[in-house]
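So the chains spell out like this:
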Amino acid sequence: GDLDKVVSLLLSLSGRLARVETALGRLGPHASAEDKVALREKQRLLVAQLEDAKELKEHMGRREEAVGAMVARYLPPEHLQDYQHFVKMKSALITEQRELEEKIKLGQEQLRCLHESL
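Residues numbered from 1 in each chain as written. Predicted model: local features only at pLDDT ≥ 70, side-chain atom pairs only at ≥ 80, totals over all residues. Heavy atoms only, no water.

## Some thoughts on the packing of helix H2 (residues 33-74) against helix H3 (residues 77-117)
Helix-helix packing: each pair is described by the crossing angle between the helix axes and the interaxial distance. In the contact formed by H2 and H3, the axes pass within 10 Å of each other and the chain directions differ by 160°. Regarding the angle of H2 to H3, the classification is roughly antiparallel. Like other packed secondary-structure pairs, H2 and H3 cross with a definite hand, here right-handed. Contacts between H2 and H3 involve Glu64, Val67, Gly68, Val71 and Ala72 from the first element and Leu80, Tyr83 and Val87 from the second. (Axes fitted to C-alpha atoms, helices over the stretch in contact; angles between N-to-C directions. Helix = DSSP H or I, 4+ residues; strand = E, 2+ residues; numbered from the N terminus. Parallel < 35°, antiparallel > 145°, perpendicular 65-115°, else oblique. Left-handed = near helix turned anticlockwise from the far one by under 90°. Contact = heavy atoms within 4.5 Å.)

## A closer look at the packing of helix H1 (residues 2-26) against H3
Between H1 and H3, the least distance of the axes is 9 Å, while the angle of their chain directions is 25°. Here H1 is positioned roughly parallel relative to H3, judged by the angle of their axes. The hand of the H1/H3 crossing is right-handed. Along the contact surface, H1 presents Leu3, Asp4, Val7, Ser8, Leu11, Ser12, Gly15, Arg19 and Arg26, while H3 presents Ser91, Ile94, Thr95, Arg98, Glu99, Glu102, Lys105, Leu106, Glu109 and Cys113. Of the residues contributing to the contact of H1 with H3, the split by class is six nonpolar, five polar and eight charged. (Nonpolar A, V, L, I, M, F, W, Y, C, P; charged D, E, K, R; others polar.)

## As for the environment of Tyr83
Looking at the element boundaries, Tyr83 is found in helix H3. With a relative accessible area of 26%, Tyr83 lands in the partly exposed category. Taking the C-alpha atoms as reference, Tyr83 lies 25 Å from Leu9; in sequence the two are 74 residues apart. (Buried < 20%, exposed > 50% of the residue type's maximum accessible area, 1.4 Å probe, protein only.)

## Regarding the pattern of salt bridges
Side chains that differ in charge, positive against negative, can pair when their charged atoms come close. A complete count under the given rule lists four salt bridges for this structure. Put simply, Glu41 and Arg44 hold a salt bridge, and the shortest N to O gap is 2.5 Å. On the criterion of helical spacing, the pair formed by Glu41 and Arg44 is a turn pair, its members being three residues apart in helix H2. Overall, the relative accessible area of 34% leaves Glu41 in the partly exposed class. Classification of Arg44 as partly exposed rests on a relative accessible area of 48%. Among the salt bridges present, the one from Lys54 reaches Glu51, with a minimum N-O distance of 3.8 Å. With Lys54 and Glu51 both in helix H2 and three residues apart, the pair spans about one turn of that helix. Taking relative accessible area as the criterion, Lys54 reaches 38% and is therefore assigned partly exposed. (Salt bridge = Lys/Arg side-chain N within 4 Å of Asp/Glu carboxyl O.)

So this is what it looks like as structure tokens:
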């Protein structure tokens, strides 16, 4: 459960940061300084939050290793391999799912912007 939450947090922050950076890139020369400052401040905060989330993921990785070592003492080798495979695949699948969801959101936002610009 914690892994799902941290992966979701990382991908959410990454997606939000990408959208802010896209918005910064779309600002024209006539954009107000206030808009630019607001977006840059949002970008700075998202970068800091993303770094914090990465540290949290590293902490979870260390905790996962400790749990894995404890589980290894109680499971026979074939069950331990199944457990390790399950944990690895769950993480990979959660990451892939969240990345796809973020790509869909980003694509929808870009499509909306294209429609508005036409």
